[in-house]
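Given next are the chains, with one letter for each unit.
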Amino acid sequence: MGNRQWKRPAGLLATTLALATALAACSGSNEEPAGTSSQSNESAGTETASPSGAAPEKGEPLGKFDPPIEITTVKSLDDGSMKFPAGESIDNNLWTQGLEQELGVKLKVEWLVPDNQYEQKLNVTIASDDLPDITLVNAVQLKQLVDNDMVEDMTAAYEAYKSELTDKLMTSDGGIGLKQATFDGKLLAIPAMNGALDSAPVLWVRKDWLDNVGMQPPKTMDDLYAIAQAFTESDPDRNGQKDTYGLGLQKELFGGQYVLNGFFNGYHAVTGMPGNLLWNKDGDGKLILGYVQPEAKTALGKLADMYKAGYIEKDFAVKDGGKVSESVVSEKIGMFYGQHWNAFLPLPDAVKKNPQADWRPYAIPSVDGTVTAENVLGVSNFYVVRKGMKTPEAAVKILNYFLNKQNPMSENYDARYHNGPNYPEESHSEYKYSPISVFHPQQNILIHRGIVEFGRTRDPQSLSAWNQGNENDLKQFTENFDGEGGEGKAGGVKTENWPGWIWVGPFGAYSVVNEYVEKGQIVEPVFYGAPTPTMTAKQSTLEKLVLENYTKFIMGVTPIEQFDSFVQNWNSLGGAEITTEVNEWAASQK
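As the structure is a prediction and not an experimental result, all values here were calculated from the model.

Rules used throughout
- Residues numbered from 1 in each chain as written.
- Predicted model: local features only at pLDDT ≥ 70, side-chain atom pairs only at ≥ 80, totals over all residues.
- Heavy atoms only, no water.
- Buried < 20%, exposed > 50% of the residue type's maximum accessible area, 1.4 Å probe, protein only.
- Helix = DSSP H or I, 4+ residues; strand = E, 2+ residues; numbered from the N terminus.
- Pairing = 2+ DSSP bridges.
- Contact = heavy atoms within 4.5 Å.
- Axes fitted to C-alpha atoms, helices over the stretch in contact; angles between N-to-C directions.
- Parallel < 35°, antiparallel > 145°, perpendicular 65-115°, else oblique.
- Nonpolar A, V, L, I, M, F, W, Y, C, P; charged D, E, K, R; others polar.
- Salt bridge = Lys/Arg side-chain N within 4 Å of Asp/Glu carboxyl O.

Please explain the pairing of strand E3 (residues 69-77) as it appears in this structure.
One face of the sheet, then the other: side chains in a regular strand alternate in exactly this way. Counting buried positions along E3 yields 8 of 9 residues, so the element is predominantly enclosed. Pairing analysis gives 8 bridges linking E3 to strand E4 (residues 105-114), with the strands arranged parallel. From the neighbouring strand, Ser76 faces E4, where its bridge partner is Val113.

Explain the side chain of Glu331 here, please?
Secondary-structure assignment places Glu331 in the loop between helix H11 (321-329) and strand E14 (335-338). Beyond its immediate chain neighbours, meaning those up to four positions away, Glu331 contacts Arg206, Trp209, Asp237, Thr244, Lys353 and Asn354.

Explanation requested: the sheet that holds strand E15 (residues 359-362) in the structure shown.
Backbone hydrogen bonds hold the strands of a sheet together, and the pairing may be parallel or antiparallel. Taken together, 3 strands build an open sheet; the order of strands is E14-E9-E15 and the sheet is antiparallel. Either end of the sheet is taken by a strand with one partner, and the two such strands are E14 and E15. With strand direction ignored, the average angle separating the axes of adjacent strands in the sheet is 25 degrees. Pairing of strand E9 (residues 202-206) with E15 involves 4 bridges; the strand directions are antiparallel. Bridge pairing in E15 links Val205 to Arg360. Its contacts with the sheet put helix H18 (residues 509-518) on E9 and E15, and the angle it makes with E9 is roughly 140 degrees.

Would you mind going over the packing of helix H2 (residues 115-127) against helix H3 (residues 139-147) with me for this structure?
At a closest axis distance of 12 Å, the pairing of H2 and H3 adopts a crossing angle of 5 degrees. The orientation of H2 relative to H3 falls into the category roughly parallel. Facing Glu119, Leu122, Asn123 and Ile126 of H2, the residues of H3 in contact are Gln141, Gln144 and Leu145. Looking at side-chain class alone, the contact of H2 with H3 contains 3 nonpolar, 3 polar and 1 charged residues.

Looking at this model, I keep getting lost on the pattern of salt bridges. Mind explaining?
Oppositely charged side chains are able to pair whenever their charged atoms sit close together. Applying the stated rule across the entire model yields 21 salt bridges. Across the pair Lys162 and Asp167 runs a salt bridge whose closest N-O atoms are separated by 3.1 Å. When its relative accessible area of 30% is taken as the criterion, Asp167 is described as partly exposed.

Right, here's the structure in full:
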């Protein structure tokens, strides 16, 4: 972490692979005590590359290759991280230098593209049978590669070279990620572990607008509707014009920010996101998908009413998240469903433009007062090793090296490997340059709980491993704590550290997520198997069908009374087959 700002949440890793950041309903059983170090100082011995086809012998997790080896990979980065600090590049940075000097691994990035081009570029690479040594793929691509015998069996290499910390982290989700990467008893990929609660929906609301219209934060869906109406019709910004909207919404409808996951959860319909759908159980224990349930019809009907009344921008169907962010920053929207990371995007820009803009995170309201907050699986992407690679253990060593440098539970943790020496340069996060990166599923909630405890005790030792070393930042936060009880000011003082405060402070977004956890309100994904045959063949088509029909329902182009016909169409085009396959998988797990 830098000296001025909080470490960016790992949940900002999203790419067009739909990097999911969530495994639902994590419990305290996987949490590490404050300051715990789970890894001993593992010696960096010298090792030669294992011969092709030979199972690697038990070796040093951080043993250096001698002679050095070259490893190829491909990468995508967000726009901010494509702008390298002075003297750095994708082939020359803290990670590439460390890998070469300490592991004897020279990294070669065969191509680098922006996040939104990665999936298409990778599909071409797969079709050309031109995989690099290590590749990040999604679940569908993994299944395709496995079916075509294009990936290396990592079972022996992983068992021989995994470090203690690697083993601890990779099993901290109950082993689900490793199960997802295992086919016929063989570990064929390394799961890209990520935050266990990072996709839980949060409702972001302009509290100052609530005050202006004399209303309280919403608890029910009727409350939300009433607020959307007031934010549209009652001049909440007090500029004398009717130029605001109650609810922000973007064209993709589901997945991250300005989407409907939280809205649908308010009617107890769980959905997930494209490429990472969330299956749950009905009253009879059958696995179902929320998109085609009666609760979804009710939610769509209410959205159609809101759109017709003008509470949602008329052109939402052509606006991506960036365009809606412009409306948020320009103070045209006063409420939207998002996730914890909206504390960093776009809200700091909104507060910079108008320091009086009091954006607050709230628990999602529900139709009956019972909150249902969904979370997709924490593992939706995987690192695969090319079939025939002579040194598959190199991937495990790189994984070990990443955790040794970047994970605060390591005795060798070095904050530079997360943010880089030039942080806080805009959007610069050094960890993104590593060819493999994984994160502790509970790290963000541990950061939040550590800060809350620090507020009560002012004792740095009360902090979790992820907070240690952040005393300077915490001192800058002190003005936000109330003193007695240490609960803190809900909105926070608008300093440069405000994004961190509204992210993980006592009233930050992660306080909402923590409330979900403590009250047992998280919906757990119950399907975590490999994509079924019909999913692989037809799921993308079905997702497009959902998006097209849902957009028409909301805009009133298609009457909501035709929802049942839409469901029949979804079933006939493959939805019924997928449902059968998913339930067959569930039966096989018993």
